[in-house]
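Here's the letter readout for the chains.
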Amino acid sequence: MVSSGLRSIMLKLVGLFLLMAFASSALAQRSSTDIHDPVMIKQDSTYYVFATGWGISVKSSTDMEKWSRQKPVFAKAPEWTSEVVPDFNNVEWAPDITKHEDTYYLYYSVSEFGKNNSAIGVATNKTLDPDDSNYQWTDHGPVVQSVPGRDLWNAIDPNLTFDENGTPWLSFGSYWLGLKLVRLKDNLIEIAENPQTWHTIAKRHRDWKMEPRDAGNSMSSDIEAPFIFKKNGYYYLFASWDQCCSGKESTYKIVVGRSKDITGPYIDKENEKMIHGGGSLVAKGNDEWVAVGHQAVYTFDGIDYLIFHGYDNSDEGDSKLIIRKITWQNGWPTISLDES
């Protein structure tokens, strides 16, 4: 017969074991959502997230909650990347994924941090299922490139959008003189010619707005990560303002404007043009998340979602995946960052 003292010790040990197992499981689930610059797509019953990472990070899920790591897109950096960034380390930034007709198009960024020595490449695949016999990424090289001393824009953070006529457009840009939009050929891997059509769709200047704004630091020109989403006759331009990539020092936030024309002008709730520093706040940091940004917007099964990353205040500012349902109020997107 087990004594009461021994029984107490055994119960404590069992409790400790269960607590450790729970903590380990929670940590494993938590770490599986570590991510930066996420975009998402659904094939059949599986969701795929692509993100900044070595070879382009890929994760999959059947419920948008539990994520499994997949092999990266590139086992080694495409050969052309070293011509843009010498000794490129195969860490591609800020991808964008779209299915057009029967092909998946994956755009990605090759750059040096803090410089506009950058290019946007594109790879294609017939399937996202790595177990499918047709699974193979084919790289098509650079689509857009920015050159220091020549360009005052930065060729990173791509997003492919089709206008109401089915014409493909690529938005992109970070810092410098704002976010750009360029028309592509129908093959989606080259800039359209005769004529080339370029537009500035958003920018921030330090001298545009000196008064405080709830959406961001008026003394900062930081802007990046354009994403254009069509809804109810409008093109909504989502963008990220202020400082990313700095853990607990980050000040990232998400803003939006809208336009009836894909080329703009994009206007915020206060009727300010985004090319003049306008942008209405969608999300910013709270007690749980130091800062949030680099967003994408999708409709899955009739529900609109905002996909983005946040810097976790409880985990040394580590970057995590956040998914929130969008509620539309008076024609503008809103989310609750506090929801679980």
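Residues numbered from 1 in each chain as written. Predicted model: local features only at pLDDT ≥ 70, side-chain atom pairs only at ≥ 80, totals over all residues. Heavy atoms only, no water.

### So, the environment of K273
Alright, step 1. Of note, K273 is situated in the loop between strand 16 (253-259) and strand 17 (280-283).
Alright, step 2. Judged by its relative accessible area of 34%, K273 is partly exposed.
Alright, step 3. Distance in space between the C-alpha atoms of K273 and S259 is 9.8 Å, their sequence separation being 14 residues.
Alright, step 4. In contact with K273, other than residues within four places in its own chain, are P265, Y266, I267 and G278. (Helix = DSSP H or I, 4+ residues; strand = E, 2+ residues; numbered from the N terminus. Buried < 20%, exposed > 50% of the residue type's maximum accessible area, 1.4 Å probe, protein only. Contact = heavy atoms within 4.5 Å.)

### Here's the deal with the environment of Y266
Alright, step 1. Residue position: Y266 is located in the loop between strand 16 and strand 17.
Alright, step 2. Ignoring anything within four residues of it in the chain, the contact list for Y266 reads I201, I228, Y235, Y236, L237, G257, R258, S259, D261, E272, K273 and M274.
Alright, step 3. Reaching out from Y266, the side chain makes a polar contact with the backbone oxygen of I262 at a distance of 2.6 Å. (Polar contact = N/O pair within 3.5 Å; in protein donor to acceptor, adjacent residues only side chain to side chain.)

### Looking at the sheet that holds strand 9 (residues 138-146)
Alright, step 1. Across the sheet, which stays open at both edges, the five strands sit in the order 3-6-7-8-9 with antiparallel pairing between neighbours. Every other strand in the sheet has two partners, leaving strand 3 (53-54) and strand 9 as the edge strands with one partner each.
Alright, step 2. Here strand 3 runs beside strand 6 (residues 91-100); their pairing, made up of two bridges, is antiparallel. Paired with W54 across the two strands is V91, which belongs to strand 6. (Pairing = 2+ DSSP bridges.)

### Comments concerning the pattern of salt bridges
Alright, step 1. Tallied over the entire structure, the rule returns 11 salt bridges.
Alright, step 2. For the salt bridge of R150 with D151, the shortest nitrogen-to-oxygen distance reads 2.7 Å.
Alright, step 3. Judged by relative accessible area, R150 falls into the exposed class, the value being 55%.
Alright, step 4. With a relative accessible area of 9%, D151 lands in the buried category.
Alright, step 5. Ionic pairing is found between K185 and E190, a salt bridge with its closest N-O pair at 3.7 Å.
Alright, step 6. If you follow the salt bridges from partner to partner, you end up with D34, D312, D315 and K320 in one network. (Salt bridge = Lys/Arg side-chain N within 4 Å of Asp/Glu carboxyl O.)

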